[in-house]
Amino acid sequence: MEKTWDVIIAGAGIIGVSLALELHARGAQVMVLDRGEPGREASSAAAGMLAPAAPETPVPLRPLAFESASLYPDFVRKLEDASGIQVDLRRQGTISFLPVSEPPPHHLELSTEELHRLEPAVHPAAGTPYFVQEDSVDPRLLMQAALAAARKQEIPIHGNAEVTAMRRNGERVEVIVGWTRHIARAAVNCRGAWAGQPARPRKGQMLSLRPRQPDLLQHSVVAPDVYLVPRSSGRILIGATVEDAGYDHTVEPHVIHQLHRAAAQLIPDLGSLPVEESWAGLRPGSPDDLPLLGETDTPGVFIATGHFRNGILLAPVTARIIANLITGRQAGTDISAFSPARFITRR
Ligand SMILES: Cc1cc2nc3c(=O)[nH]c(=O)nc-3n(C[C@H](O)[C@H](O)[C@H](O)COP(=O)(O)OP(=O)(O)OC[C@H]3O[C@@H](n4cnc5c(N)ncnc54)[C@H](O)[C@@H]3O)c2cc1C
């Protein structure tokens, strides 16, 4: 007799693995399949800002983003407890130099003296500074913690397992990997930028520096053409481009140079440092920059992708919503703006 899983998840990024952990905690038998090495795509390339109040967060996404931000401390605590891996949740807040006609919610204008007191290394001429109480995590550590937590709970997560189809067969769903057919009550497409139409890749290039003075920067700093995110190790991440470049992970030296130069305009001390690491990742975009959350037009097949610039932030709320839907409950949050049906064109 073929094993029937309760849920099979395609894609072992932060969205797929967080969902697997949530479903497992509710008693479901879950398996996760990834085309490559689990956790190595967008979720390990992110900066890790948890920024629901950012001016570029689309308005319809804000309630979901704030809800997920409120779930984060508990989400992190559970992952750290289950895995033994600390994920560097930092709660110092962000200094934003983004030009705004009116301060958005949660933005507090700072005087030059206040800016200097908070961040002496930051150049005061960068624009009007605002303080925003936002957190950050290290997404690589978060991803490692999520995978380790899943492993400890014996949730199978298989790499090198490319899902080529998820289709209905009677009362069940078939998930196809090569010549193998897996059977489940439900399946979820968490394949990020590879989730298929209308999801699409939005490339982001980043770099990191390691200043000699490990406490040079305490807050994340956001400006129009660059942002800086400090880690407790002293490392500073600098990002990021948003490009439509297909499935291309190439890191371009001139782009890294431009980001480095923009960072040095904010903190002159950074200009002379060598680049520690540079990389590119593919965010899962969608035509309206909003996620796709819910059941597709194939009953029993769900989708959770399109998180674009906020997938790290949105992981806990996404896991809760999709687990609610799969277990036959209400989403628990208004997700009408994220329905996958909005992209289905009726002929
Ligand atoms: C440079 C950069 C900076 C970012 N900064 C932030 C930030 O500060 N804050 C924030 O919240 N978000 C940020 N993001 C966005 C965030 O990284 C993503 O939204 C999030 O990681 C998406 O997670 P995911 O699990 O959907 O995708 P991924 O992590 O890409 O995972 C998808 C997985 O699906 C697998 N897969 C693909 N095809 C198949 C298949 N056919 N079968 C099985 N598996 C498959 C892939 O191998 C991959 O492992 C950033 C992204 C980038 C690139």
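Residues numbered from 1 in each chain as written. Predicted model: local features only at pLDDT ≥ 70, side-chain atom pairs only at ≥ 80, totals over all residues. Heavy atoms only, no water.

1. Regarding the domain arrangement of the chain
Domain boundaries in the chain define domain 1 (4-83 + 139-197 + 287-343) and domain 2 (94-133 + 200-285). A C-alpha centroid distance of 28 Å is found between domain 1 and domain 2. Taken together, the contact between domain 1 and domain 2 spans 21 residues of the former and 29 residues of the latter. For the pair domain 1 and domain 2, the summed buried surface comes to about 2,000 Å²; carbon and sulfur atoms form 62% of the total. (Domains from an automatic or database assignment. Contact = heavy atoms within 4.5 Å. Buried area = accessible area lost by both parts, 1.4 Å probe.)

2. Regarding the nonpolar core
For soluble globular proteins, nonpolar side chains are generally found buried alongside one another. One finds Ile-9, Leu-23, Leu-142 and Val-188 to be the most contacted residues of the largest nonpolar core, which totals 50 residues. Of all the secondary-structure elements, those providing two or more residues to this core are strand S1 (4-10), helix H1 (14-25), strand S2 (30-33), helix H3 (62-83), helix H5 (139-152), strand S11 (180-189), strand S18 (301-305) and helix H7 (311-326). For this core, the element with the most residues is H7, which contributes 9 residues. Not counting chain neighbours up to four residues away, the residues in contact with Leu-142 comprise Ile-14, Tyr-72, Phe-75, Val-76, Leu-79, Val-87, Val-137 and Ile-312. Within the second largest apolar cluster, 26 residues are counted, among which are Leu-115, Val-122, Leu-228 and Leu-259. (Core = buried A, V, L, I, M, F, W, Y, C linked by side-chain atoms within 4.5 Å. Buried < 20%, exposed > 50% of the residue type's maximum accessible area, 1.4 Å probe, protein only. Helix = DSSP H or I, 4+ residues; strand = E, 2+ residues; numbered from the N terminus.)

3. Points about the packing of H1 against H5
Any two packed helices are characterised by the angle at which their axes cross and by the distance between the axes. Between H1 and H5, whose axes approach to 10 Å, the crossing angle comes to 35°. The chirality of how H1 crosses H5 is left-handed. Between H1 and H5, the residues in contact are Ile-14, Val-17 and Leu-21 and Leu-142, Met-143, Ala-146, Leu-147, Ala-149 and Ala-150, respectively. Broken down by class, the residue content of the contact of H1 with H5 amounts to 9 nonpolar, no polar and no charged. (Axes fitted to C-alpha atoms, helices over the stretch in contact; angles between N-to-C directions. Left-handed = near helix turned anticlockwise from the far one by under 90°. Nonpolar A, V, L, I, M, F, W, Y, C, P; charged D, E, K, R; others polar.)

4. Observations concerning the environment of Gly-196
Position of Gly-196 relative to the elements: it lies in the loop between S11 and strand S12 (200-209). Expressed as a C-alpha distance, the spacing of Gly-196 and Ser-68, which sit 128 residues apart in the sequence, is 25 Å.

5. Quick word on the site of the ligand
Asp-34, Ser-43, Met-49, Phe-308 and Leu-313 are the nearest of the 37 residues found near the ligand. Between a nitrogen atom of the ligand and a main-chain N or O atom of Val-163, the distance comes to 2.9 Å. Note that an oxygen atom of the ligand is positioned 3.5 Å from one of the backbone N or O atoms of Asn-310. Of the residues contributing to the shell around the ligand, the split by class is 19 nonpolar, 11 polar and 7 charged. (Near = heavy atom within 4 Å. Polar contact = N/O pair within 3.5 Å; in protein donor to acceptor, adjacent residues only side chain to side chain.)

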